[in-house]
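Below, each chain spelled out in residue letters.
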Amino acid sequence: MAKRVLTTESGAPVADNQNSATAGVGGPILLQDQHLLEKLARFNRERIPERVVHARGSGAYGYFEVTDDVTGFTRADFLSEVGKRTETFIRFSTVADSLGGADAVRDPRGFALKFYTDEGNYDLVGNNTPVFFIKDPIKFPDFIHSQKRDPFTGKQEPDNVWDFWAHAPEATHQITWLMGDRGIPASYRHMNGYGSHTYQWTNAAGEAFFVKYHFKTNQGVRSLSADQASELVGKDANSHQTDLLQAIERGINPSWTLHVQVMPAADAADYRFNPFDLTKVWPHSDYPLQRVGRLVLDRNPDNVFAEVEQAAFSPNNFVPGIGPSPDKMLQGRLFAYADAHRYRLGVNHTHLPVNAPRTAVVDNYGRDGVHATRNGSRHDKNYEPNSYAGPAQTDAALAAPLAIHGWTGTHEAPAHTKDDDFFQAGELFRLMSEDEKGRLVANIAGGLSQVTRDDVIEKNLAHFHAADADYGKRVEEAVRALRED
C-alpha cells in the first residue's frame, strides 16, 4: 500500500514535519518557513467563538418517520405520507454554562432538530421544557447575563440569578420545572423534547392551525437528584456525551414519539390565556396530544467540531405548510438565531455539510463572503429579476397570513381572562407528590438562601406564595432555616 504524503494546505509535499527552518544550526527561525507559519496560524484559529448560550452540546444523526396522517393540518411534504422517512440531525445542549461545562447540571436542555426535507431544511429549535423564563425577547440578553458568570467574580452569582427572577414573575412556572425532579436529566436519551413555542401549520386548503410539538422519550424519563448529579460530575463531566455516543455505537438507538397539540386558528383570540405566551402550556384537556411519528437516532458524527459545534439551527428555516405564530419570543428568535450563526460561523455557514440541504437544491443570488462555495459561474447573474433564466419566486406563501390591527408601539401582550404569571406554576406544584415537593423546595431554598439582599428574597417568596399558599410557605420556611444555620 502506497505511503500517504503529508502536504501543506495548498497541496505541496512537506519535507520535514519535525524541525523548523533556521538560519544555521541553532539559529533563529526563518520567516520563510511556510509550513511552520501555516501550522501555527491554523492552530490559532482552530476554535471559533463558542455559542453565548447552548455552548456545551452533543449531537447525532437519525431519521424521522411519519406514523399517523396529519395532512388535514399541514401540507408539509415530509409529513405528507405515513411511512415517509426524513434524515435528521439533532443537537442537545445545556444552556447557561460554557463549552467546558459539565453535562449533569441543573439547567434546561436544548433540543434542536434539523429535518433535511425535499423542500429545504426545516429547523425546530426547542428545549426539554415546554415553557421558558420570559415572554418577550427584549429581556433575553438581560436574563442570560443574570445567569452567566459575573463580570467581577467570574462565576455564577445567586444574587444576580434571583434578582432577575425577582423582577420577572412570569419566570415562576419555569423555575418550578427547573428546580423540580426533571431539572437534571439522567441523560439526553431519558428526557422529553418540546418545540416550546407555538407554530403555525397550514393545510392544502389554506386552513391555519396553531401547534405545539411534544417529543416523548421512548426510553422513559429519568432524572438525577442534586447529590447524584454532583457525584456524576466528579466521575465524568462529559457524562451525557459519553452516554449518547456509547449507546448509538452499541446499536441502542434512542427514539422519541412526536405528538402535537393542534388549536384551530380561530380559537386563539378568545382562549382563556394568551396561547402565544411561552411561559404557559396548553392543557391537554383542551387540546389533546395527537401522534405524528417517531424520531430515531442511529449514527454518531465523525467529527464533533465539524458537525456538532458548526451545526447551525434557526427557527426561521421553515418549509411549505409550516410557519411562525405571534409568539413574541419566537418572533425575536427568528432573527437572533441566524444572526448568531453569521457571527460565529460566517455568512456562508449554510454551505457547511452539516447545515446544507441533502436533497433540496439551493438556488439563489447570495454571493461572496468568507468561505463562499457557491458563487455561480460567468453565466449566472447576481440580481433578480433578470432575463437570463435565473431562479424566480413561486408566489406561494409557506404558511397562512396572520391578521394584524392596532397602532405601532411597545405594547404589553394582549390580556386574556386568565393571564396571570402564577396559576400554572401552582398547578404544576399541586400535581407533585410529597417527595417531589420536598425536593423542589430544597432545590429552590438552596439557591435563594445564598442571596445577600433581603428584599430580593422577599420578592421571590411572594411569587411562590402567589402560585400556591403551601408552596410559598414551604419555600419561606426552608430559606429561613438555611439562613439561620
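A. Region of the structure containing the pattern of salt bridges. Under the counting rule described, the total for this entry stands at 29 salt bridges. For Glu-65, the salt bridge identified is with Arg-85, shortest N-O distance 3.6 Å. Separated by 20 residues along the polypeptide, Glu-65 in strand β1 (residues 57-66) and Arg-85 in strand β2 (residues 85-94) bring together distant segments of the chain. Relative accessible area serves as the criterion here: at 49%, Arg-85 is assigned to the partly exposed category. Across the pair Arg-91 and Glu-309 runs a salt bridge, and its minimum N-O distance is 3.5 Å. Separated by 218 residues along the polypeptide, Arg-91 in strand β2 and Glu-309 in helix α7 (residues 304-309) bring together distant segments of the chain. Connected through shared salt-bridge partners, Lys-135, Asp-277, Lys-280 and Asp-421 make up one network.

B. Structural context of helix α9 (residues 423-431). Within the span of α9, buried status applies to Phe-423, Gln-424, Ala-425, Gly-426, Leu-428 and Phe-429. Summarising the contacts, the buried residues of α9 are in contact with α4 (172-179), α10 (434-448), α11 (454-467) and α12 (469-484).

C. Structural detail: the nonpolar core. Membership of the largest hydrophobic core comes to 41 residues, with the highest contact counts inside it found for Phe-133, Trp-162, Trp-165, Leu-448 and Val-475. Counting residues per element, the ones that place at least two in this core are α2 (140-147), α3 (158-166), α4, α9, α10, α11 and α12. Not counting the four nearest positions on each side in its chain, Leu-448 is found in contact with Trp-162, Ile-457, Asn-460, Leu-461, Phe-464, Val-475 and Val-479. Judged by nonpolar contacts, the second largest core, of 36 residues, contains Phe-64, Ala-76, Phe-209 and Phe-215.

D. Seen up close, the packing of α4 against α9. It is at 7 Å that the axes of α4 and α9 come closest, and there the two elements cross at 25°. Taken as axis vectors, α4 and α9 run roughly parallel relative to one another. Of the residues in α9, those in contact with Thr-172, His-173, Thr-176 and Trp-177 of α4 are Gln-424, Ala-425 and Leu-428. The residue makeup of the contact of α4 with α9, split by class, is 3 nonpolar, 4 polar and no charged.

E. The environment of Arg-4, seen in detail. On the secondary structure map, Arg-4 appears in the segment before α1 (34-44). With 481 residues separating them in the primary sequence, Arg-4 and Asp-485 have C-alpha atoms 67 Å apart.

F. Fine view of the packing of α10 against α12. The geometry of α10 relative to α12 is characterised by a closest axis approach of 9 Å and an angle of 50° between their N-to-C directions. Between α10 and α12, the angle is such that the two are oblique. For the crossing formed where α10 meets α12, the hand is right-handed. Only Tyr-471, Arg-474, Val-475, Ala-478, Val-479 and Leu-482 of α12 make contact with α10, whose side of the interface consists of Glu-434, Lys-437, Gly-438, Leu-440, Val-441, Ile-444, Ala-445, Gly-446 and Leu-448.

G. Spotlight on the packing of aromatic side chains. Following the criterion strictly, the structure yields 30 aromatic pairs and no others. On the basis of an interplanar angle of 40° and a centroid distance of 5.0 Å, the ring pair of Phe-78 and Phe-115 is categorised as tilted. In this pair, Phe-78 is assigned in the loop between β1 and β2 and Phe-115 in strand β3 (residues 109-117), connecting sequence segments 37 residues apart. Here Phe-78 matches Phe-115 in class, with each residue buried. Sitting above the plane of the Phe-313 ring, Lys-114 keeps its charged end 4.9 Å from the centroid. Arg-333 extends its terminal NZ or CZ atom over the ring of Phe-132, reaching a point 4.9 Å from the ring centre.

H. Spotlight on the side chain of His-197. Residue placement: His-197 occurs in the loop between β5 (193-194) and β6 (199-202). Here the side chain of His-197 touches Arg-333 through a polar contact of 2.8 Å, side chain to side chain. For His-197, the residues in contact, after removing those within four places along its chain, are Val-125, Val-211, Lys-212, Leu-278, Asp-327, Met-329, Leu-330 and Arg-333.

About the criteria used
- Residues numbered from 1 in each chain as written.
- Predicted model: local features only at pLDDT ≥ 70, side-chain atom pairs only at ≥ 80, totals over all residues.
- Heavy atoms only, no water.
- Salt bridge = Lys/Arg side-chain N within 4 Å of Asp/Glu carboxyl O.
- Helix = DSSP H or I, 4+ residues; strand = E, 2+ residues; numbered from the N terminus.
- Buried < 20%, exposed > 50% of the residue type's maximum accessible area, 1.4 Å probe, protein only.
- Contact = heavy atoms within 4.5 Å.
- Core = buried A, V, L, I, M, F, W, Y, C linked by side-chain atoms within 4.5 Å.
- Axes fitted to C-alpha atoms, helices over the stretch in contact; angles between N-to-C directions.
- Parallel < 35°, antiparallel > 145°, perpendicular 65-115°, else oblique.
- Nonpolar A, V, L, I, M, F, W, Y, C, P; charged D, E, K, R; others polar.
- Left-handed = near helix turned anticlockwise from the far one by under 90°.
- Phe/Tyr/Trp six-rings, centres within 6.5 Å; stacked < 30°, edge-to-face > 60°.
- Lys NZ or Arg CZ within 6 Å of the ring centre and 35° of its normal.
- Polar contact = N/O pair within 3.5 Å; in protein donor to acceptor, adjacent residues only side chain to side chain.

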